[in-house]
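Structural overview
Spelled out, the chains give:
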Amino acid sequence: MAPASPLPAPLGLLAELTHRCPLACPYCSNPLALEGRADELSTDHWARVFREAAEMGVLQIHLSGGEPASRRDLVEIAAAAHEAGLYTNLITSAIGLDAARLERLAADGLDHVQLSIQDVEPDSSDRIAGYRGAHARKLAFAERVVGLGMALTINAVIHRANIGRVTALVELAASLGAGRVEVAHAQYHGWALRNRNALMPTREQVYRAMDEVEQLRPRYAGRLAIDLVVPDYYANQPKPCMGGWARRSLNVTPSGRVLPCHAAETIPGLEFWSVRDRPLAEIWARSPAFQAFRGTDWMPEPCRSCDRREIDFGGCRCQALALTGNAAATDPACALSPHHALMLELAGQGSAGSPTEYAYRGRAREDEVIPTPAH
Ligand code: SF4
Ligand code: FES
């Protein structure tokens, strides 16, 4: 049901240019069923989406994937976002982006680069990414980004294999010249949900890592912003996932389906509209999927009468579905959820498990798969 107040404009649009990727990270947020190249939107489609987004009031475009560099027309797509007047951010693994292409991106108006780093130890980093030699290429890439004068953020996804090296990851980001580092614990959707038992750290590890970040902040104040995303499984209050469903941002899949969040397609019964068929503004305002959980009218108790309902918007719909079977339930990360104990139990089971092989995200080259190390 539509909210009573006027519909705010989205601030950001995540453009999933492709699901193709040379890496195979076991916590990838892409869906288990990846979309194929034949279904991808064209350069012209994306240019139209960016123009419409700018007209709606969107300020930032995040070019993502998969690996966006797997698109041969990445430079043209980024230029189209820039021409539409949007702050343009590239989220990349660096693989497939050589110096010449990066220079063209910088010349054509790319504003910001977010580079994923899997670990500080090259062997572990490559093992997590499922790609030999990736780590060394990332370090060289970061140097080129900074050399071209672009803003750099390091994305470090934290899980059981690297949680003991949070300080070293932040130090690495600083040494690369990043202005920001995101220390983001894996969020259990998509491939991460499938790999939950191989990725889940213990409660003690999580609290130690959070302490480390707090100690690092004053050391890097004014030089390196450190963002921390804590894991829901050890929380008592949920995050306002996506800033609230259909409230601040939207995702466009490689084939053009418009989603309120990257995992929304896991929710059965939602109807997603496509930019191939309708203008973006109409989708934002009227798409059944966006209307499903917008605002607070859909909420059950305890959210309905809770004074945090317009702060966290009941948490994450996709997590509620994954853990309770009901996307309209209170997120089990909330201590008031009747399912909160289940979440703690699952966290304990996962973190206590013996070392498990990763189920690597869908990939093309089996010879690059490297087994998970013992912990
Ligand atoms: Fe948030 Fe609902 Fe929990 Fe209140 S009951 S804190 S609104 S998830
Ligand atoms: Fe879908 Fe949180 S990932 S609402």
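Above this note sits the structure.
Residues numbered from 1 in each chain as written. Chains lettered and ligands numbered in written order. Predicted model: local features only at pLDDT ≥ 70, side-chain atom pairs only at ≥ 80, totals over all residues. Heavy atoms only, no water.

Quick word on the overall build of the protein
- Each helix and strand in the protein was counted, giving 13 helices and nine strands.
- Computed over its C-alpha atoms, the radius of gyration of the protein comes to 20 Å, within 12% of the 21 Å expected for a compact globule of 375 residues.
- Considering the protein as a whole, with its 375 residues, one finds that 53% of them fall into the buried category.
- Counting contacts in the protein only where the partners sit at least 6 residues apart, residues at least 24 apart contribute 72% of the total.
- Entry remark: accessible area of the protein is about 15400 Å², with carbon and sulfur atoms responsible for 52%.
- Measuring between centres, the 38 positive side-chain charges of the protein sit 1 Å from its 43 negative side-chain charges. (Helix = DSSP H or I, 4+ residues; strand = E, 2+ residues; numbered from the N terminus. Rg over C-alpha atoms; globule rule 2.2 N^0.38 Å. Buried < 20%, exposed > 50% of the residue type's maximum accessible area, 1.4 Å probe, protein only. Contact = heavy atoms within 4.5 Å. Areas by Shrake-Rupley, 256 points an atom, 1.4 Å probe, with all protein chains shown as cover. Lys, Arg positive; Asp, Glu negative; His and termini not counted. Charge placed at Lys NZ, Arg CZ, Asp CG, Glu CD.)

Describing the environment of Pro26
- Mapped onto the elements of the fold, Pro26 is located in the loop between strand E1 (12-16) and helix H1 (43-56).
- With a relative accessible area of 0%, Pro26 lands in the buried category.
- In this structure the C-alpha to C-alpha distance between Pro26 and Arg194, which are 168 residues apart in sequence, comes to 8.3 Å.
- Excluding residues within four positions of it along the chain, Pro26 makes contact with Ile128, Trp191, Ala192, Asn195, Leu199, Tyr358, Ala359 and Tyr360.

Notes on the packing of helix H2 (residues 74-83) against helix H3 (residues 99-107)
- Packing of H2 against H3 leaves a shortest axis separation of 9 Å and a crossing angle of 15°. Taken as axis vectors, H2 and H3 run roughly parallel relative to one another. The interaxial crossing formed by H2 with H3 has right-handed handedness. Touching Leu74, Val75, Glu76 and Ala78 of H2 are Arg101, Arg104 and Leu105, all from H3. (Axes fitted to C-alpha atoms, helices over the stretch in contact; angles between N-to-C directions. Parallel < 35°, antiparallel > 145°, perpendicular 65-115°, else oblique. Left-handed = near helix turned anticlockwise from the far one by under 90°.)

Regarding the site of ligand 1
- Around ligand 1, the surrounding shell consists of Pro238, Pro302, Cys303, Cys306, Arg308, Arg309, Asp312, Gly314, Thr330, Cys334 and Leu336.
- In the shell around ligand 1, the residues fall into six nonpolar, two polar and three charged. (Near = heavy atom within 4 Å. Nonpolar A, V, L, I, M, F, W, Y, C, P; charged D, E, K, R; others polar.)

What about empty space enclosed by the protein?
- Scanning the model with the defined rule gives two cavities of 30 Å³ or more in all.
- In this structure, the largest cavity occupies an estimated 100 Å³ of space.
- Forming the boundary of the largest cavity are 13 residues, of which Cys241, Gly244, Trp245, Gly315 and Arg317 lie nearest the centre.
- Taken together, the residues of the lining of the largest cavity break down into nine nonpolar, three polar and one charged.
- Roughly 30 Å³ of internal volume is contained in the second largest cavity.
- Looking at the second largest cavity, the residues that line it are His189, Cys241, Cys261, His262, Ala263, Cys316 and Cys318.
- In terms of residue class, the lining of the second largest cavity is built from five nonpolar, two polar and no charged. (1 Å grid on protein atoms, 1.4 Å probe; cavity = no way out; pocket = protein on both sides within 12 Å on 5 of 7 lines; lining within 4 Å. Points joined across faces, edges and corners; volume = space filled by probe spheres on them.)

Focus: the sheet that holds strand E5 (residues 151-158)
- Read from one edge to the other, the open sheet built from nine strands follows the order E7-E6-E5-E4-E3-E2-E1-E8-E9, with strand pairing classed as mixed. Of all strands in the sheet, those with a lone pairing partner are strand E7 (225-229) and strand E9 (258-259), marking the two edges.
- Of the strand pairs in this sheet, strand E2 (residues 60-64) and strand E3 (residues 87-92) are connected by four bridges, and their pairing is parallel. Residue pairing across strands places Leu63 opposite Leu90, the latter belonging to E3. (Pairing = 2+ DSSP bridges.)

Focus on H2
- Burial of H2 is extensive: seven of the 10 residues sit out of reach of the surface.
- Those residues of H2 that sit buried are Leu74, Val75, Ile77, Ala78, Ala79, Ala80 and Ala81.
- Residue Gly85 follows H2 closely and has a positive phi angle near 90°.

That is the geometry; function is a separate question.
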